[in-house]
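Descriptive analysis of the structure
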Amino acid sequence: MQAIRSRDTKPEWLIRRLVHAQGLRYRVAARPIPDLRRTADLVFRPAKVAVFIDGCYWHGCPEHYVPPRTNSGYWSEKVLRNVKRDRDTDQRLSDAGWLVLRFWEHEQSVACADKIAATVLARRRGSGCR
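Notes on the structure follow.

Another aspect to go through is the overall build of the protein chain. Tallying secondary structure elements over the protein chain gives 3 helices and 4 strands in all. Secondary structure elements of the protein chain occur, N-terminal to C-terminal, as α-β-β-β-α-β-α. A globule of 130 residues ought to have a C-alpha radius of gyration of about 14 Å, and the protein chain, at 15 Å, matches this closely. If one aligns the C-alpha atoms of the protein chain with their principal axes, the spans along those axes are about 50 × 30 × 25 Å. Here the protein chain holds 130 residues, and the buried ones make up 35% of them. Considering only residue pairs separated by 6 or more positions, the protein chain has 55% of its internal contacts joining residues 24 or more positions apart.

Below, the structure is given as structure tokens:
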């Protein structure tokens, strides 16, 4: 379990690189809201956009999640708690005026980066942010 990365995974790294190449700057593994003890993978503070790139196993992807064979009760419950926490995070950020973007690790990095860039630029234009 120690080898499981919580940040800087390959899908995150690829998407960050593509978003950066489009001229956008962001915070990595940062709390969107200081009193919320959860970090987003990319945070665009002026535009209030929080991006999460979720792993298929740990966040219960409907396409790729396979229940574990060993200690299945514990791990299945762990994944359910993760999914519940993700929904709670989405709700708290939305209530605070943030837009939450979630992507699965199996999604095309280019498509994810394009959607992130378009969303951030649209929010900046709408709020007068740079």
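All right, on to helix α1 (residues 10-21) then. Here α1 spans 17 Å end to end across 12 residues, near enough to the 16 Å set by a 1.5 Å rise per residue. Considered for burial, the residues of α1 that qualify are P11, E12, I15, R16 and V19. Projected onto a plane normal to the axis of α1, the buried residues spread over an arc of 125° and lie on a single side. The exposed residues of α1 that point more than 90 degrees off its buried face are K10, R17 and A21.

Criteria and thresholds
Residues numbered from 1 in each chain as written. Predicted model: local features only at pLDDT ≥ 70, side-chain atom pairs only at ≥ 80, totals over all residues. Heavy atoms only, no water. Helix = DSSP H or I, 4+ residues; strand = E, 2+ residues; numbered from the N terminus. Rg over C-alpha atoms; globule rule 2.2 N^0.38 Å. Buried < 20%, exposed > 50% of the residue type's maximum accessible area, 1.4 Å probe, protein only. Contact = heavy atoms within 4.5 Å. Expected span 1.5 Å × (residues − 1). Arc of directions from axis to C-beta.

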